[in-house]
Structure formats: C-alpha cells, structure tokens
Amino acid sequence: MALDWDRRTCARRGHITYAPVEQELRERLHAVTAVGDAWRCLRCGDFALGEPHGSGPAGEAPLVPRGKALRDLFILRFLAVERAVRGVFIVLAAWAVWRFSNSRDAVHRLFDEDLTVLRPVADHFHYDIDHSPVVDTIRKTFEYRHSTLLVVAGALLVYALVEIVEGVGLWMARRWAEYLTVVATAAFLPLEVYELTERVSWLKIATLVVNVLAVLWIALSKRLFGLRGGRAAFEAERHSASLLEVEEAAGTHPAGVSGGPAAG
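Remember, predicted model here, so these are calculated numbers, not experimental data.

(A) Broad picture of the overall build of the protein chain. A tally of helices and strands in the protein chain yields ten helices and five strands. Taking all 264 residues of the protein chain together, 33% fall into the buried category. Counted over contacts in the protein chain with a minimum sequence separation of 6, partners at least 24 positions apart contribute 67%. When the accessible surface of the protein chain is split by element, carbon and sulfur atoms take 66% of a total near 16200 Å².

(B) Region of the structure containing the pairing of strand 3 (residues 36–40). Pairing between strand 2 (residues 30–33) and strand 3: four bridges, direction antiparallel. Of the residues in strand 3, the one forming a bridge with Ala31 is Ala38. Hairpin connection from strand 2 to strand 3: two residues lie between these consecutive antiparallel strands. Sheet topology note: the strand 3/strand 4 (residues 47–49) ladder contains three bridges and is antiparallel. Pairing of Trp39 across the sheet is with Ala48, part of strand 4.

(C) Fine view of a nonpolar patch on the surface. A cluster of nonpolar side chains, Val81, Val85, Val88, Phe89, Val91, Leu92, Leu157, Ile164, Val168, Trp171 and Met172, forms an exposed patch at the surface whose accessible area comes to about 960 Å². Among the elements of the structure, helix 3 (68–102) and helix 6 (146–171) are those that each provide at least two residues to the nonpolar patch. The biggest single contributor to the nonpolar patch is helix 3, with six residues. For Leu92, the position within the fold is in helix 3.

(D) A look at the state of the cysteines. Counted according to the given criterion, the structure contains zero disulfides. Here Cys41 stays unpaired: no disulfide links it, and the sulfur of Cys10, its closest cysteine neighbor, is 3.6 Å away. On the basis of relative accessibility, which here comes to 0%, the residue Cys41 falls in the buried class. Cysteine Cys44 shares no disulfide, and the gap to the nearest cysteine sulfur, in Cys10, comes to 3.8 Å.

(E) Spatial organisation of the packing of aromatic side chains. This structure, assessed with the given rule, holds three aromatic pairs. Pairing Tyr179 with Phe225 gives two aromatic rings, centres 4.8 Å apart and planes at 85 degrees, and the pair type is edge-to-face. Residue Tyr179 is found in helix 7 (residues 175–198), and its partner Phe225 is found in the loop between helix 8 (202–221) and helix 9 (230–240); the two are separated by 46 residues along the sequence. Over the ring of Trp171 we find Arg77; its NZ or CZ atom is 4.6 Å from the centre of that ring.

(F) The arrangement of the side chain of Arg83 in detail. By secondary structure assignment, the location of Arg83 is in helix 3. The exposure class of Arg83 is buried, given its relative accessible area of 2%. Polar side-chain contacts of Arg83 include one of 2.7 Å to the side chain of Glu82. Polar contacts involving the side chain of Arg83 include one to the side chain of Glu166, which spans 3.2 Å. Those residues in contact with Arg83 that lie beyond four places of it in its chain are Glu163, Glu166, Gly167, Thr181, Thr185 and Asn211.

Cut-offs and rules
- Residues numbered from 1 in each chain as written.
- Predicted model: local features only at pLDDT ≥ 70, side-chain atom pairs only at ≥ 80, totals over all residues.
- Heavy atoms only, no water.
- Helix = DSSP H or I, 4+ residues; strand = E, 2+ residues; numbered from the N terminus.
- Buried < 20%, exposed > 50% of the residue type's maximum accessible area, 1.4 Å probe, protein only.
- Contact = heavy atoms within 4.5 Å.
- Areas by Shrake-Rupley, 256 points an atom, 1.4 Å probe, with all protein chains shown as cover.
- Pairing = 2+ DSSP bridges.
- Patch = residues over 30% accessible without salt bridge, like charges linked within 9 Å, V, L, I, M, F, W, Y side chains within 5 Å.
- Salt bridge = Lys/Arg side-chain N within 4 Å of Asp/Glu carboxyl O.
- Disulfide = S-S within 2.5 Å.
- Phe/Tyr/Trp six-rings, centres within 6.5 Å; stacked < 30°, edge-to-face > 60°.
- Lys NZ or Arg CZ within 6 Å of the ring centre and 35° of its normal.
- Polar contact = N/O pair within 3.5 Å; in protein donor to acceptor, adjacent residues only side chain to side chain.

Here it is, written out as structure tokens:
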C-alpha cells in the first residue's frame, strides 16, 4: 500500500488552510458542519475545523509541498542530514590535524613508547608491527612539515564548511544548494573512483553509489542545468502540484465532511 505523504505530514504537523477572496473558489474550499466551519487543507485535501490559517487572493496562497513534491522534500532533508553529519566529522578531523601539528613531537614520542610496549605482543603472534601499513602511514605523518599540516587542516575546514552549507541549504529546499550539491559531489567522484582502484571496500563502493545516485536524482528531479525544461518547468510543476491541484480536487465535494480535523 502506497504511503500517503500528505496525510502523514498533516498528522505530524497539522493542516494548512487558506481562504481565497475569489467567491467561487472560496465556496469550494469551505464547508459548514454542525460543530463549525471547516476549510480544505492545502496539503492533504481533507476538511479541518476552525478558522483558516490565512486569506487573500488565490495567487498569493502558500505553495504547500504535497504529493511528489513532499516526497522529494523528505529525500532532500535526508541528504541534508547526511551532509551536515559529514561536515561535523570533517571539522573534528581538521581540529585533530591542527592539534597534532602543534604537538607532533610529543605525539611521536608517545607513539614510539606505545610501539615498544606492543612489539613483544606482536612478535608473539608473528605480526611484523614495524612494517605494518598502518604503522608506516602514521610514521609518514610525522615527517610532514608544520606548514603542510596547517594547509591540510585548512583544506579540511573549507570542505567541512561546504558540506554544512549544503546541508542547511538542502534542508531549506533552496535551489542554489541543489546546484552546489551536484557540482561539489560530482567534483569528488573521480577521486572516489581513484580510491577504489587503490583499494576496494564495501564502504567506498556504497559511498560512490550513493553519491552518483544523489547527483542524478537532484539534477533530474529538480530540473537543474536546463534538464527536463529547466527552472520554468520546475516552477510550473510546483504550482500545479499545489494550488491548481487543490482547486481541481475541490471541484468535487466529498460524500461527507468529517466532524473534526482529519488525523491522517
């Protein structure tokens, strides 16, 4: 059974009603019940008791996401949370690199002491800890200059800022954020492919697949870069999915009007 995004959202957030000044449309969106006036919700189409949340010309009615637009908004916000969480972790990584750059000698000494303690244990299990790939990678970081580490920390911080800005913009469904997400994500796809040629892991494969699907979905569904008619077609779709669709649905009155607000 298909999920009713409209009623599900209204059940959580409440209905959104509007009283247009145009008399014919106003009558189609309004109903009188035994317990008071009711207005048709602009999102789910059910009648809800009480005064309308707004009034004015039909052209000034709020564009309430509904149907496919509401589902798309949910996906965008999922991507927004993923971007924001990733940005926070990158900020922590930048802070760690900066701290390491300022106390590299102390960390180096501590690392050597721990390695001395662990060496007998590794020898017991016949593990060559001195030639371990992980240990070799850590040792190479100690050879980096302080200025190089600061550049790395700064680059990570800029990357984190881009991710967080993407997240905030996607959560607010801003079109510029959709463009930024597509461009920024696509720019890193070659790097992700290169990393797979170096070493394959399920996490890297999953990340690449998710990012490719995100780029394609946002670009096509939001009609970016002139795709599928571009911004004009996107705006026309938004309007047809909100006020015009509600107006058409309001042309046929339901068999009965609920005595209270629809719970979804």
